[in-house]
Amino acid sequence: MTSPDTDDDGGTGLRADAARNREQIILAARRIFAERGLEVPIEQIARQAGVGVATLYRRFPTRTDLVAAVFACKMGAYADAVDQALAEPDPWHGFCGYLERVCQMQADDRGFADVLTLTFPTARPLQAERDRAYHRFVELIDRAKAAGKLRSDFVPEDHILLLMATAGVINATGDTAPDAWKRLLAYLIQAFAAPAGDLPEPPTPHQMYRALLRLKHAPPR
């Protein structure tokens, strides 16, 4: 006798009910993550999906597995946004438009705001899209600098700082002042424009990676 969640026909595909459970789990997680962020108890996701916790863990052994399944498409859209920005004839307009689009994605989905300020070394699809976005964003930076619009000392790590700052504002004000992040972003874009005064040295890529790891292991809010 087979379990309701085991594979059929020799393990070549999920049984229809198991596939349906998987989809229900993803849909429930997507809704709850968007509203409350990534640290929602797994039990709540299972309850919303109408499945048992054991069924959820059978489909997604770790929280990272679930996050990767929920946000795979959105991470692809995040990376695609850089390509669209690079296609803009005006490099500065493309740069600013990209920042606005990404911050809007954060504001629309608190779970995704968390994803963008964390790193997931074991979730290869998420990391692959993050890497693609990073390398294309470096091109976007160089293009905006070459046009004389972006301050010369802007570095990719400044983008991570921006994402962390807007995520904090969104989490703090999303229920009461949902557009507050737009004011923060406007201030920062003005600060990014050339010419500009001196800044302290930026954090290194290694330092920012460690910061992302620390956020990943921070206690639930």
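Residues numbered from 1 in each chain as written. Predicted model: local features only at pLDDT ≥ 70, side-chain atom pairs only at ≥ 80, totals over all residues. Heavy atoms only, no water.

## Overview of the overall build of the protein
Phase 1 of the analysis: When helices and strands are tallied, the protein shows ten helices and two strands.
Phase 2 of the analysis: Order of helices (α) and strands (β) in the protein, N terminus to C terminus: β-β-α-α-α-α-α-α-α-α-α-α.
Phase 3 of the analysis: By the burial criterion, 40% of the 221 residues in the protein qualify as buried.
Phase 4 of the analysis: Taking contacts inside the protein between residues at least 6 apart in sequence as the whole, the part at least 24 apart equals 71%.
Phase 5 of the analysis: Only carbon and sulfur atoms are counted for the fraction: they give 55% of the accessible area of the protein, which is about 11,700 Å². (Helix = DSSP H or I, 4+ residues; strand = E, 2+ residues; numbered from the N terminus. Buried < 20%, exposed > 50% of the residue type's maximum accessible area, 1.4 Å probe, protein only. Contact = heavy atoms within 4.5 Å. Areas by Shrake-Rupley, 256 points an atom, 1.4 Å probe, with all protein chains shown as cover.)

## A few points about the confidence of the model for the protein
Phase 1 of the analysis: Averaged over all residues, the pLDDT of the protein equals 87, while 89% of them reach at least 70.
Phase 2 of the analysis: In the model, residues 1-10 has pLDDT below 50 throughout and makes 18 contacts with residues more than four positions away in sequence or in other chains. (pLDDT = per-residue confidence, 0-100.)

## Examining helix α8 (residues 156-173)
Phase 1 of the analysis: In a regular helix each residue adds 1.5 Å, so 18 residues correspond to 26 Å; α8 covers 26 Å between its end C-alpha atoms and thus fits that length.
Phase 2 of the analysis: P156, E157, D158, H159, I160, L162, L163, T166, A167, I170 and T173 are the residues of α8 that are buried. (Expected span 1.5 Å × (residues − 1).)

## Some words on the nonpolar core
Phase 1 of the analysis: If you look at the biggest cluster of nonpolar residues, it comprises 56 residues, and the most contacted ones within it are I45, Y78, F95 and Y98.
Phase 2 of the analysis: Contributions of two or more residues to this core are made by α1 (16-36), α2 (42-49), α4 (63-86), α5 (91-108), α6 (110-115), α7 (124-146), α8 and α9 (180-192).
Phase 3 of the analysis: Among the elements that make up this core, the one with the highest residue count is α4 (twelve residues).
Phase 4 of the analysis: The contact partners of Y98, leaving out residues within four places of it in the chain, are Y78, A81, V82, A85, F137, L140 and H159. (Core = buried A, V, L, I, M, F, W, Y, C linked by side-chain atoms within 4.5 Å.)

## A closer look at the packing of aromatic side chains
Phase 1 of the analysis: For the coordinates displayed, the defined rule picks out eleven aromatic pairs.
Phase 2 of the analysis: Ring geometry for F95 and F137: centres 6.1 Å apart, planes at 20°, overall stacked. Here F95, found in helix α5, pairs with F137, found in helix α7; they are 42 residues apart in sequence, far enough to count as distant.
Phase 3 of the analysis: Classification of F95 as buried rests on a relative accessible area of 0%.
Phase 4 of the analysis: Residue classification places F137 among the buried positions, given a relative accessible area of 2%.
Phase 5 of the analysis: Where F95 meets F192, the ring centres are 6.5 Å apart and the plane angle is 75°; that geometry is what we call edge-to-face. In this pair, F95 is assigned in helix α5 and F192 in helix α9, connecting sequence segments 97 residues apart. F192 shares its class with F95; the two are buried. (Phe/Tyr/Trp six-rings, centres within 6.5 Å; stacked < 30°, edge-to-face > 60°.)

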